[in-house]
Amino acid sequence: MKKIGLKVSQQVTTLAHGAEQHTLLIMADFLNKKYDLNIIGCEVYPDELKKYKIINLVNYYHFPKLLRKILHIPMAMINTIMYAKNEKPDLLFSLGGPYYIGLAVLVAGKLFGIKTLVRTAEDH
């Protein structure tokens, strides 16, 4: 079965990115039927996502808010690169902010020769 790594925001809640949560729930239900789906990078998420395999190798939500803002892009990169190296998915797919999530997906894809798909965010 082909494996898809779906990179999302650190917080997937209606308070953070409501459109991302809705899109993720719909896409996860669809993709999980035909593929081995891994959701990458979310630390705060609704109960509906607990049935999926969520991979977050470096947690930073417990850091002070200012430090989280500073580390947001580097942590997205680290989590995505480590996931790609360890899991070797067939596709890396970005869902959410195209700047930092899309960048992380593209860099990891280039480093490990993985196909990538970067889509625009729901609220941008």
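All figures in this text were calculated on a predicted structure; none of them were measured in a lab.

> Even after reading the chapter, I still don't get the pattern of salt bridges, so can you show me in this structure?
A side chain with one charge can pair with a side chain of the opposite charge if their charged atoms come near. One pass over the structure, following the stated rule, counts four salt bridges. Here K53 and E87 are joined by a salt bridge, their closest N and O atoms 4.0 Å apart. Of this pair, K53 sits in strand β3 (residues 53-55) while E87 sits in helix α2 (residues 65-87); the two residues are 34 residues apart in sequence, bridging distant segments of the chain. Accessibility expressed as a relative area gives 42% for K53, which makes it partly exposed. What you see here is one network of salt bridges that share partners, running through K3, K53 and E87.

> So what exactly am I meant to see when it comes to the packing of α2 against helix α3 (residues 98-112) here?
The axes of two packed helices give the description: the angle between them and the distance between them. Remark: α2 packs on α3, axes separated minimally by 9 Å, with the N-to-C direction vectors making an angle of 35 degrees. Note that α2 runs across α3; the crossing there is right-handed. Along the contact surface, α2 presents H72, I73, A76, M77, T80, I81, A84 and K85, while α3 presents Y99, Y100, L103, A104, V105, V107, A108, L111 and F112. Class assignment for the residues of the contact of α2 with α3 results in 14 nonpolar, two polar and one charged.

> How do you make sense of the sheet that holds β3 when you look at a structure like this?
The pairing of strands in a sheet happens through backbone hydrogen bonds and is either parallel or antiparallel. One open sheet holds the five strands; their spatial order is β3-β2-β1-β4-β5, and the pairing between them is parallel. Looking along the sheet, the strands with just one partner apiece sit at the ends: β3 and β5 (115-118). The average angle at which neighbouring strand axes cross in this sheet is 25 degrees, direction not considered. Both strand β4 (residues 91-94) and β5 contribute to a ladder of four bridges, which runs parallel. Looking across to β5, one finds that L91 is bridged to K115. Along the sheet face, α2 touches β1 (3-7), β2 (36-40), β3 and β4 and points at about 175 degrees away from the line of β1.

> Help me understand the packing of aromatic side chains in this model?
In this description, a pair of aromatic rings is defined by centroid distance and the angle of the planes. Evaluation of the coordinates by the stated rule reveals zero aromatic pairs. Positioned above the aromatic ring of Y61, the side-chain terminus of R68 is 4.7 Å from the ring centre.

> I keep staring at the nonpolar core and nothing clicks. Help me out?
Across soluble globular proteins, nonpolar side chains show a tendency to be buried alongside one another. Counting 16 residues, the largest nonpolar core has L6, V8, L24, L37, I39 and L49 as its most contacted members. For this core, the secondary-structure elements that each account for two or more residues are β1, α1 (14-31) and β2. Per-element accounting of this core gives the leading share, five residues, to α1. Grouped together as the second largest cluster of nonpolar side chains are eight residues, I40, Y83, A84 and I114 included.

Thresholds applied
Residues numbered from 1 in each chain as written. Predicted model: local features only at pLDDT ≥ 70, side-chain atom pairs only at ≥ 80, totals over all residues. Heavy atoms only, no water. Salt bridge = Lys/Arg side-chain N within 4 Å of Asp/Glu carboxyl O. Helix = DSSP H or I, 4+ residues; strand = E, 2+ residues; numbered from the N terminus. Buried < 20%, exposed > 50% of the residue type's maximum accessible area, 1.4 Å probe, protein only. Axes fitted to C-alpha atoms, helices over the stretch in contact; angles between N-to-C directions. Left-handed = near helix turned anticlockwise from the far one by under 90°. Contact = heavy atoms within 4.5 Å. Nonpolar A, V, L, I, M, F, W, Y, C, P; charged D, E, K, R; others polar. Pairing = 2+ DSSP bridges. Phe/Tyr/Trp six-rings, centres within 6.5 Å; stacked < 30°, edge-to-face > 60°. Lys NZ or Arg CZ within 6 Å of the ring centre and 35° of its normal. Core = buried A, V, L, I, M, F, W, Y, C linked by side-chain atoms within 4.5 Å.

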